[in-house]
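Survey of secondary and tertiary structure
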Amino acid sequence: AHRFANEIFKTLTGIDGIFDTRIVYVRRFIDSKELCLSDYDGGNYKQLTSYRSLSLSPAWSRDGKRIAFTSYKDGNPNLYVMDFARGTTRLISKKKGVNITPDWSPDGSKIALTLNLNNGNSEIYVLHERSGSLERMTNDFATDVSPSWSPDGAWIAFVSDRAGSP
């Protein structure tokens, strides 16, 4: 039905439809928050994690094949990547402190994220997925969180309290 709706929409408008869109989201359970996946209309629901912990901040890779997310399943808020093609989930950042709010670069090779490595202050870093190397992008007394890549990958926007409030 979704494919059929897409064809009708494209025929009428010349634009690809949204009817094959999938969303990943956090669902609250009694004792946890888990990642779930469904079609845009809520159909084809699937629970992706069952850690009985907090799983937060899911971010799709631009090709739609992977999701980066934070989970507290091992105690620390670590960063994981779930690969749908391989059926695997792997730990990619377990720095002491937070490893949160990931966002994939447009080419899918890097993840911008928030870490608090040095003095406990949250800063923006870029993790090169293949090598595991980190680049520090901000260095300020203020809290910097929630990075988001520009569509061309040239810029990263983020939330900061440098001006007094986020």
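Residues numbered from 1 in each chain as written. Predicted model: local features only at pLDDT ≥ 70, side-chain atom pairs only at ≥ 80, totals over all residues. Heavy atoms only, no water.

Turning to the nonpolar core, a few remarks are in order. Counting 11 residues, the largest nonpolar core is built from A59, A68, L79, V81, I92, W104, I111, L113, L115, Y125 and L127. Those elements that provide at least two residues to this core are β6 (78-83), β9 (110-115) and β10 (123-128). With 3 residues, β9 is the largest single contributor of residues to this core. Those residues in contact with A68 that lie beyond four places of it in its chain are S57, P58, A59, Y80, V81, P102, W104 and I111. In this structure, V24, L35, L37 and F69 belong to the second largest nonpolar core, which totals 8 residues. (Core = buried A, V, L, I, M, F, W, Y, C linked by side-chain atoms within 4.5 Å. Buried < 20%, exposed > 50% of the residue type's maximum accessible area, 1.4 Å probe, protein only. Helix = DSSP H or I, 4+ residues; strand = E, 2+ residues; numbered from the N terminus. Contact = heavy atoms within 4.5 Å.)

Attention now goes to the pairing of strand β8 (residues 99-104). Of all 6 residues that make up β8, 5 are buried, and the element is covered over most of its length. In this structure, β8 lies alongside β9, joined through 4 bridges in antiparallel fashion. Across the sheet, the residue bridging to N99 is L115, located in β9. The turn joining β8 and β9, which pair antiparallel and follow one another in sequence, is formed by 5 residues; a positive phi near 75° is taken by G108. (Pairing = 2+ DSSP bridges.)

Here we take up empty space enclosed by the protein. Counted under the stated rule, the structure contains 1 cavity of 30 Å³ or more. There is about 40 Å³ of room inside the largest cavity. The wall of the largest cavity is formed by N116, L117, N118, N119, N121, E123, Y125 and R136. Here the lining of the largest cavity is built from residues that sort into 2 nonpolar, 4 polar and 2 charged. (1 Å grid on protein atoms, 1.4 Å probe; cavity = no way out; pocket = protein on both sides within 12 Å on 5 of 7 lines; lining within 4 Å. Points joined across faces, edges and corners; volume = space filled by probe spheres on them. Nonpolar A, V, L, I, M, F, W, Y, C, P; charged D, E, K, R; others polar.)

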